[in-house]
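What follows is the residue order along each chain.
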Amino acid sequence: MEQQTDLWTYTLQPQDEGIKYQEILYRRFHFSRRLLQKLKQSERVWVDGLFTFLTARGKAGETLAIQLQTPETNSFPGEDLPLEILFEDDYFLAVNKPAGQVVHPNPRYPSGTIGNAVVGYWLTKGESRPFRPIHRIDRNTSGVVVVAKNQFAHQQMFWQHNHQRIHKRYLGIVEGLIKEDEGTINAPIGHTPGSYLVRQVSPEGVPAVTHYRVLKRYADATLLEFVLETGRTHQIRVHCQHLGHPLIGDDFYGGNFARIDRQALHAFIYEFNHPVSGELLTIRAPLPEDLRLLLRSFVAKA
């Protein structure tokens, strides 16, 4: 499989002989049925340079080509806002979200979001497309946010997520000393009664698993690396509270915010296999200045 100009291309192998193109795309490359239906309707598939139907059967050696980048419209207004780009190609855009900024516009935050900034950036390049974030992080969590540039990229990442092919790592600073060098928190999370926003560990909740590793201990705090096995709302924050070591600055979940006015949590690594090249992409977001200053304010444990 390779990319040529604006076309996704694949040379059929002997094992593809006699199989419908749509089945090759679905089973070998995880194209969704929804995307295949759109390709059928828009006539954007060729074999050896000639238009073909996806229901036709392939022959080894043929080159199947698909136009994945098509004209689209923006999902909301763009704005001229600061945007720190960590990675960009024809399929993905990764940015470093600062604390305090929402990922997607909503009734409470209709503007000033990462979404508005990304759409505004695209408009400066003469591009229009819906804002398709692969994932979201909380308003007061900083770090990597990955955005898909087309439906193919978005559904491919959805497939990778469902098959646990995406790996995310967070850095967090919690209150107190954690004695174990590493551990796992396996505790279901549900809504706190009377609140649509706050979560809690609850037997009636959905399964949630967080792995952690101690990176450095201070006199009254611990720097941890987190790896999520599941992706529940506020998962790390709730699990840290459950552990008895809330994130510093997390007033929702018992953290002291005398030293910092937001939860000390940063999404610093997002790793996945590029669905076109197969290359392993590791996107890193540097630790923001407020967390660097917070760490420098601590006394290292002897």
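Being a predicted model, the structure only gives us computed values, none of them experimental.

A.B. asks: Where do I start with the overall build of the protein in this structure?
C.D. replies: If you tally the helices and strands in the protein, you get six helices and 17 strands. Considering only intrachain contacts with a sequence separation of at least 6, the fraction spanning at least 24 residues in the protein is 64%. Accessible surface, the protein: about 15100 Å² in total, of which carbon and sulfur atoms supply 50%. Side chains of the protein carry 34 positive and 32 negative charges; the gap between the two charge centres is 4 Å.

A.B. asks: How should the nonpolar core be read in this particular structure?
C.D. replies: Generally speaking, a soluble globular protein has its nonpolar side chains buried in company with each other. Of all hydrophobic cores here, the largest spans 33 residues; its most connected members are W8, L25 and F31. Sort the elements by how many residues they give to this core and helix α1 (residues 21-29) lands first, with four residues. Other than its neighbours up to four places away in sequence, L25 contacts W8, H30, F31, L36, L54, L64 and I66. Counting 27 residues, the second-largest nonpolar core is a separate cluster that includes V118, V147, V214 and L265.

A.B. asks: Just checking my understanding: could you explain the pairing of strand β10 (residues 167-175) for this structure?
C.D. replies: Consecutive residues of a regular strand have side chains that alternate between opposite faces of the sheet. As judged from the six bridges shared by β10 and strand β16 (residues 265-273), these two strands associate in the antiparallel manner. Each bridged residue has a counterpart across the sheet, and for Y170 the counterpart in β16 is A267. In this structure, β10 lies alongside strand β15 (residues 221-228), joined through seven bridges in antiparallel fashion. Residue pairing across strands places Y170 opposite F226, the latter belonging to β15.

A.B. asks: Just checking my understanding: could you explain the pairing of strand β17 (residues 280-284) for this structure?
C.D. replies: Residues L281 and I283 point to one face of β17 and are all buried, whereas L280, T282 and R284, pointing to the other face, are not buried. When β16 meets β17, the two strands line up antiparallel, connected through five bridges. Along β17, the bridge assignment pairs Y270 with I283. Counted along the chain from β16 to the antiparallel partner β17, the turn is six residues long, and its residue G278 has a positive phi close to 80°.

A.B. asks: How do you make sense of helix α3 (residues 114-124) when you look at a structure like this?
C.D. replies: Helical geometry note: an α-helix holds 3.6 residues per turn, so side chains three or four residues apart project in the same direction. With eight of its 11 residues buried, α3 lies for the most part within the structure. Of the positions making up α3, those classed as buried are I114, G115, N116, A117, V118, V119, G120 and W122. Residues of α3 that are buried sit in contact with β7 (92-97) and β9 (142-148). Put simply, T113 is the residue that caps the front of α3, since its side-chain oxygen is 3.2 Å from the backbone nitrogen of G115. A positive phi of about 75° marks G126, the residue just after α3.

A.B. asks: Any chance you could explain the packing of aromatic side chains here in plain terms?
C.D. replies: When we look at a pair of aromatic rings, we describe it by the centre distance and by the angle of the planes. Considering all chains together, one arrives at 11 aromatic pairs under this definition. Judged by centre distance (6.2 Å) and plane angle (70°), the rings of Y91 and F152 are edge-to-face. Separated by 61 residues along the polypeptide, Y91 in the loop between β6 (85-88) and β7 and F152 in helix α4 (residues 151-162) bring together distant segments of the chain. Judged by relative accessible area, Y91 falls into the buried class, the value being 2%.

A.B. asks: When you look at a nonpolar patch on the surface in this model, what are you seeing that I'm missing?
C.D. replies: On the surface, a nonpolar cluster with roughly 330 Å² of combined accessible area is contributed by Y196, L197 and F252. Tracing the backbone shows Y196 in the loop between β12 (189-191) and β13 (199-201).

The rules behind the values
Residues numbered from 1 in each chain as written. Predicted model: local features only at pLDDT ≥ 70, side-chain atom pairs only at ≥ 80, totals over all residues. Heavy atoms only, no water. Helix = DSSP H or I, 4+ residues; strand = E, 2+ residues; numbered from the N terminus. Contact = heavy atoms within 4.5 Å. Areas by Shrake-Rupley, 256 points an atom, 1.4 Å probe, with all protein chains shown as cover. Lys, Arg positive; Asp, Glu negative; His and termini not counted. Charge placed at Lys NZ, Arg CZ, Asp CG, Glu CD. Core = buried A, V, L, I, M, F, W, Y, C linked by side-chain atoms within 4.5 Å. Buried < 20%, exposed > 50% of the residue type's maximum accessible area, 1.4 Å probe, protein only. Pairing = 2+ DSSP bridges. Polar contact = N/O pair within 3.5 Å; in protein donor to acceptor, adjacent residues only side chain to side chain. Phe/Tyr/Trp six-rings, centres within 6.5 Å; stacked < 30°, edge-to-face > 60°. Patch = residues over 30% accessible without salt bridge, like charges linked within 9 Å, V, L, I, M, F, W, Y side chains within 5 Å. Salt bridge = Lys/Arg side-chain N within 4 Å of Asp/Glu carboxyl O.

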